[in-house]
Amino acid sequence: MNQAKFARWLHLGHRWLGMTLGLMLLLWFVSGVVMLFVARPQLTDAERLAALPALATERVRISPLTAWQALGLTGWPEVVRLNMAGDRPAYRFFAQNRWSTVYADDASHFSAPDTAQALRLAAAYLGDTGVAAVTPLALDQWTVYRQFDAWRPFLRIELADGRDYYVSTGSGEVVLDTNRSERAWNWIGSVVHWLYFTPLRQHGELWRGLVLWISFAALLMALAGLYLGWQRLRLRTPYPGGRRTPYRAAWKYWHHLLGLSGGVFVITWLLSGWLSLAPLGLASGIYATPAEQQQLAGGELSADILDWLPEITPATREVDWLRFAGKPLARLHQSAGEQVIIERNGRRRHQLELDEIALAASALRPGTTQQAQWLTEPDQRYFSLRHQTRSFPVARLRFNDSEHSVFYINPQNGRIVMQANRHDTAFRWFYQALHRFDFAPLLTQAWRRDALIIILSLMGGALCLSGCVLGWRRLFRQSRSAPGRNAPLPE
């Protein structure tokens, strides 16, 4: 195929892919800017803890082990916590991918609440606002995500002021809150950006495949457009009249110039978005595996961890049981947002020590040396964004293994919050950095990153808009000139 035919095929491919996907790309740029400022609806752990009343410690009559045995499940739970369910203390267990509740006063099982019980369980969130409706549901637009599978089904409490609260009928906990403004912005933000429409998103593999193919086709369209744009740009031998572009019509002229100036950004953004879905297993992510979490903990939450009750202070809102380096620990969440870690011998402290974290972490990469240090400010991997907060200090452990493994461990609960290795370098820079622009110089002052993303998104949006106009005009022109369109009807 000669160069002229190749360029012709590229031109046709760019044109028809643009007609098909141009509007989708335009919406991606608009929704990306919205997502920069408006997060997906969620109930944060801080909000959940703030709404909990103080524990009625005098009514806690059984240990978590007794409550777990009353539940009748095999194995051991992954998470155990104690807080109030209405006016009764209750143990919450996460096991076998489900949350379950057992009352701490008599070991009875929590049963699915009716409307009146759901309102009592959510009373701390509702205030005096009138209730418009209570709707039972398995999923909707804001609970379609897999993270809610462990709590389904729900009772959605709809308030007169537009706030909605979702109560899990399995555990009795409020697991999500939304408000009218948040929902409206997310319809033009996260829902459009991720194609998170409920009928599609509930079929995970179908949704993933569709987004992968759309983003890949859009990437090919952008690459073809950038190649054609540079091919038609004349810097040394201008077109007649001294023009650098062959186009005189305003929409074509600006589409060409915007493609040349913003095309690289569009390509890197589409490429990084495509990589975010781990095509062909290219991006492994930053989260530790359950096996690595258990290696650090030194085992499961078994009987030797769950057969004791620590001394609970009056200001405590919640207690959770932990294992770290094989030792049983309990963590008390206080009303002022503080926490206390209690050992079985009664020793109290606010966090784990660096030396004991380093010693326990040696189980993650046996036979290798490590460098352990407190991280009190962001580094190139561990940092906060507007909708993604990171706690400090955090223990950072660098291992001298062939993978160059790095683990970030929260000293308040002994959990691995993030990990990295040499294979994740591509994930960090080709997805996170190129898609979110979370480069260190831009993170020191958020307005710099915001301004850059908005400016480049405006350029990308204008490029897509001009392409849409050109495509629509061509389709309209072809439809009007189609053979037989104005031919007389046969008699």
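All values derive from a computational prediction rather than experimental measurement.

(A) Up close: the packing of aromatic side chains. In the structure shown here, the tally under the stated rule is 28 aromatic pairs. Ring centres of tryptophan 142 and tryptophan 187 lie 5.8 Å apart, and the angle between their planes is 75°; on these two criteria the pair is classed as edge-to-face. Of the two residues, tryptophan 142 is situated in the loop between strand 4 (131-137) and strand 5 (154-159) and tryptophan 187 in helix 6 (residues 180-187); the sequence distance between them amounts to 45 residues. Assessed through its relative accessible area of 5%, tryptophan 142 is described here as buried. Overall, tryptophan 187 belongs to the partly exposed group, its relative accessible area being 40%. With centroids separated by 5.5 Å and ring planes inclined at 85°, the aromatic side chains of tyrosine 253 and tryptophan 254 adopt a geometry described as edge-to-face. Residue tyrosine 253 is classed as partly exposed on the basis of its relative accessible area of 31%.

(B) Fine view of the sheet that holds strand 9 (residues 327-334). Taking strand neighbours across the sheet as the criterion, the seven strands line up as 3-2-1-8-9-10-11 in an open arrangement whose pairing is antiparallel. Strands at the two margins of the open sheet, each flanked by one partner only, are strand 3 (98-103) and strand 11 (348-349). Note that strand 8 (residues 316-324) and strand 9 share eight bridges and pair antiparallel. Of the residues in strand 9, the one forming a bridge with glutamate 318 is histidine 333. The sheet contacts of helix 3 (residues 64-71) involve strand 1 (79-85), strand 2 (88-95), strand 3 and strand 8, and relative to strand 2 the element is tilted by about 65°.

(C) Broad picture of the confidence of the model for the chain. For the chain, mean pLDDT is 92; residues scoring 70 or higher make up 96% of the total. The low-confidence segment residues 485-491, where pLDDT is below 50, has three contacts with residues more than four positions distant or belonging to other chains.

(D) Quick peek at the pairing of strand 9. Most of strand 9 is tucked away, with seven of its eight residues classed as buried. Between the antiparallel neighbours strand 8 and strand 9 lie two residues, among them alanine 325 with a positive phi of about 55°. Inspection of the sheet shows strand 9 paired to strand 10 (residues 339-343) by five bridges, in the antiparallel sense. Bridge assignment links arginine 331 to a residue of strand 10, and that residue is isoleucine 341.

(E) Inspection of the environment of phenylalanine 216 at higher detail. Position of phenylalanine 216 among the secondary structure elements: in helix 9 (residues 204-232). Note on phenylalanine 216: relative accessible area 30%, which makes it partly exposed. Spatially, the C-alpha atom of phenylalanine 216 lies 28 Å from that of tyrosine 247, the residues being 31 residues apart in sequence.

(F) Structural detail: unusual backbone geometry. Residue proline 153 is reached from arginine 152 by a cis peptide bond, and omega for that bond is -10°. Within the secondary structure layout, proline 153 lies in the loop between strand 4 and strand 5. Positive phi values are uncommon outside glycine, yet glutamine 96 reaches one of about 55°. Of note, glutamine 96 is situated in the loop between strand 2 and strand 3. Backbone geometry at alanine 325 places phi at a positive 55°, although glycine is not the residue there. The class of alanine 325 is partly exposed, set by a relative accessible area of 42%.

(G) Molecular detail of helix 3. By the burial criterion, the buried members of helix 3 are Pro64, Leu65, Ala67, Trp68 and Leu71. End-on, the buried residues of helix 3 take up no more than an arc of 160°, which puts them together on one face. Positive backbone phi, at 80°, marks glycine 72, one or two positions downstream of helix 3.

(H) Expanded view of the side chain of serine 302. Inspection of the secondary structure assignment puts serine 302 in the loop between helix 11 (290-297) and helix 12 (303-306). The exposure class assigned to serine 302 is buried, which follows from its relative accessible area of 17%. A polar contact of 2.9 Å, which involves the side chain of serine 302, links it to the side chain of arginine 323. Not counting chain neighbours up to four residues away, the residues in contact with serine 302 comprise Trp76 and Arg323.

Parameters and conventions
Just so you know, the residues in each chain are numbered from 1, in the order the chain's sequence is written. Per-residue local features of the predicted model are confined to residues with pLDDT of at least 70, and side-chain atom pairs are confined, for both listing and counting, to 80 or more; whole-chain, interface and lining totals are unaffected and use all residues. Excluding hydrogens and water, the side-chain figures rest on all heavy atoms present in the structure. Two rings from Phe, Tyr or Trp (for Trp, the six-membered ring) form a pair when their centres sit within 6.5 Å of each other. Planes less than 30 degrees apart are called stacked, planes more than 60 degrees apart edge-to-face, and all others tilted. Put simply, DSSP marks the helices as runs of H or I at least four residues long and the strands as runs of E at least two long, and each gets a number from the N terminus on. The cut-offs for exposure are 20% and 50% of the maximum accessible area for each residue type, with area from a 1.4 Å probe on protein chains only; residues under the lower value are buried, those over the upper are exposed, and the others partly exposed. We treat two strands as partners when DSSP finds at least two bridges between them. Note on contacts: a residue pair is in contact if any heavy atoms of the two residues lie within 4.5 Å. In this analysis an axis means a line fitted to C-alpha atoms, helices contributing only their contacting stretch, and an angle means the value between N-to-C directions, from 0 to 180 degrees. Known as pLDDT, the predictor's confidence for each residue is given on a scale from 0 to 100. Taken from the helix axis, the directions to the C-beta atoms give the arc we talk about. Residues adjacent in sequence count toward polar contacts only when both atoms are side-chain atoms; beyond that, a polar contact is any pair of N or O atoms within 3.5 Å, and within protein one must be able to donate a hydrogen and the other to accept it.

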